[in-house]
Protein chains: 2
Amino acid sequence: MRAVDRAQLAMMLEVTAFPKPGNVDRCHDYETTTLEHFLASIILVRPAFEQAELGRMGIGRTILDAVRMTGSHKGGNTHFGAFILLVPLIAGNDIGGAVSCVKQTSVEDALDFYRAFGMTQVRVLESDDLDVNDPKSAEKLKSRNMTLFDVMAYSSGHDIVAREWVNGYSLTRMGADLLIDHGCGRQSIVRTFLDLLAYEPDTFIAKKHGQQVALQVMEKAAEVRDGSRDLASFDQDCIDHRINPGSMADIMIASIYVALGEGWQWDC
Amino acid sequence: MRAVDRAQLAMMLEVTAFPKPGNVDRCHDYETTTLEHFLASIILVRPAFEQAELGRMGIGRTILDAVRMTGSHKGGNTHFGAFILLVPLIAGNDIGGAVSCVKQTSVEDALDFYRAFGMTQVRVLESDDLDVNDPKSAEKLKSRNMTLFDVMAYSSGHDIVAREWVNGYSLTRMGADLLIDHGCGRQSIVRTFLDLLAYEPDTFIAKKHGQQVALQVMEKAAEVRDGSRDLASFDQDCIDHRINPGSMADIMIASIYVALGEGWQWDC
């Protein structure tokens, strides 16, 4: 299967899997972002993924193009973190190839990435020295000669998606292994997602609600997995408090992409 | 918006719309064909749609390629009728262009189409002189010099999808007008689908269950539309009796494609 198809299938399988605590899924929309917005992004991003597959453009520029292509609907940012993980995976085909791609990124990739970041409404830390909303950030990147890899390394302490670039996609690898262990079919996605949530705090939740809430979600996920908490009520609890594990969903997409490439069957 | 994107969005919006009496939708799978199978087909068909957009191959060959590309999953045929309608619409951009494309089809297109038909498990009439399961059909097509347009004309009496080729996509046109009348957003798709179901019998239902059942579904849809029958119970009734208005779903997809091209907004 072509890498572009695999990437789009991974995104589709992630968003339709149900129940997925707090996130948009087959049976749950957000107020302003619906399942259709996610699926529209999955369709509209195709040319950027083909660009990644052909290696025609830099990683940063391809992420920027992906954000542009999926910005035509009214659902806002749906997949920024997923693009950060998938573009190198498509360009390199697998984790080994992706790791080599991200190490070769340039300052120009970093500048394109910041342009992309500025188009989304992704939350940043207020204390951030390289805030994307600050026009001086571009100058700082250039003067410090920071590549996109360096930017990810800089963010890796407080962002599990950025950290994947630096540590060889280790959480993605773990998710792919879990998927394969859990066996074929969509219920394995739900089980793997719970495993990942229980493994460590989601940094998207931490940025939005604080580390304490992120840790509580992690504990509750572990309880669901161990049978001492009900999945449906955990889902509803997350929804009621607007807690959405967005970064772990991005990791989940990357894990499905990798597992599909290693023979995992979504379709039992 | 590019025709290929429009076609994929139309397919996505049709399958996720809910509730859709008897068909796979956001909240309902069939036993062996799920929402994910439909969405996988929508992703995997892309290169065939691009081929149609570029006008590189014949209409019949492009339908054959679409069936091949979407045949890799275990959900069986999901969109054969939709491909018959969409491939000329993409090649011609709009209804006017599609009408001109279908008139130019050849005997070779008809042969490719029969190859595609043979790969699906679409129901045919037992009395059919040009049965796709009969190897003699190809010889008959050649000896009678029948183009794909002629094949559709031959089938148009008992198949509303084939009839669209012959009557200038008139039901597709009606559906697009209804969508625009009903206004933006996904609920207009549900309303338009009910309008189409109430307008005339679905020939897919007629082939599977007989004309009487197809007429009953038409009457019940009219009752739902007029408020004297409940939509959820009509949906459940169709599901319980395995009645799925598959041909009208294909028309619905074509109508969404046309309406999107005329400025209809799925995203209010």
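Not measured: the values here are computed from a predicted model. (Residues numbered from 1 in each chain as written. Chains lettered and ligands numbered in written order. Predicted model: local features only at pLDDT ≥ 70, side-chain atom pairs only at ≥ 80, totals over all residues. Heavy atoms only, no water.)

(A) Region of interest: the relation of the copies chain B and chain A. Of the transformation placing chain B onto chain A, the axial shift is 0.0 Å and the rotation is 180°, giving an RMSD of 0.0 Å. Those values place the two copies in the arrangement expected of a two-fold rotation axis. Of the C-alpha atoms belonging to chain B, the one lying closest to the rotation axis is found on B:Arg26, 3.2 Å away. The fraction of interface residues of chain B whose copies in chain A are also interface residues reaches 100%, indicating that both copies meet through the same surface. (Least-squares fit on C-alpha atoms with pLDDT ≥ 70 in both. Contact = heavy atoms within 4.5 Å.)

(B) Main features of the confidence of the model for chain A. Per-chain confidence: chain A averages 94 in pLDDT, with 97% of residues scoring 70 or above. As scored by the predictor, the complex reaches a pTM of 0.95 and an ipTM of 0.95. (pLDDT = per-residue confidence, 0-100.)

(C) Spatial organisation of the interface of chain B and chain A. Taken together, the contacts link 31 residues of chain B with 32 residues of chain A. Area buried by chain B at its contact with chain A is led by B:Arg26, B:Glu36 and B:Ile43, which between them contribute 28% of it. Counting the contacts that link chain B with chain A gives eight salt bridges. Of the charged contacts in the structure, one is a salt bridge between A:Arg186 and B:Asp29, with a shortest N-O distance of 2.8 Å. The tally of links from chain B across to chain A stands at 13 residue pairs in polar contact (both at pLDDT 80 or more). Taken together, the elements giving at least two residues each to the side of chain B that touches chain A come down to helix H1 (3-16), helix H2 (35-44) and helix H3 (46-54) of chain B. Of the residues forming the side of chain B that touches chain A, the biggest block, eight residues, is contributed by H2(B). Residues of the side of chain B that touches chain A, tallied by class, amount to 13 nonpolar, eight polar and ten charged. (Buried area = accessible area lost by both parts, 1.4 Å probe. Salt bridge = Lys/Arg side-chain N within 4 Å of Asp/Glu carboxyl O. Polar contact = N/O pair within 3.5 Å; in protein donor to acceptor, adjacent residues only side chain to side chain. Helix = DSSP H or I, 4+ residues; strand = E, 2+ residues; numbered from the N terminus. Nonpolar A, V, L, I, M, F, W, Y, C, P; charged D, E, K, R; others polar.)

(D) Quick peek at helix H12 (residues 186-199) of chain A. All names here are of chain A. Here H12 contains 14 residues, and its C-alpha end-to-end distance of 20 Å stays within 8% of the 20 Å for a straight helix at 1.5 Å per residue. The buried fraction of H12 amounts to ten of the 14 residues, a majority that puts the element mostly inside the structure. Taken together, the buried positions of H12 are Ser188, Ile189, Val190, Thr192, Phe193, Leu194, Asp195, Leu196, Leu197 and Ala198. Against helix H1 (3-16), helix H11 (170-182), helix H14 (211-225), helix H15 (231-240) and helix H16 (246-261) lie the buried residues of H12. (Expected span 1.5 Å × (residues − 1). Buried < 20%, exposed > 50% of the residue type's maximum accessible area, 1.4 Å probe, protein only.)

(E) Main features of the pattern of salt bridges. Evaluated as defined, the whole model comprises 46 salt bridges over all chains. Put simply, A:Arg229 and A:Glu223 hold a salt bridge, and the shortest N to O gap is 2.8 Å.

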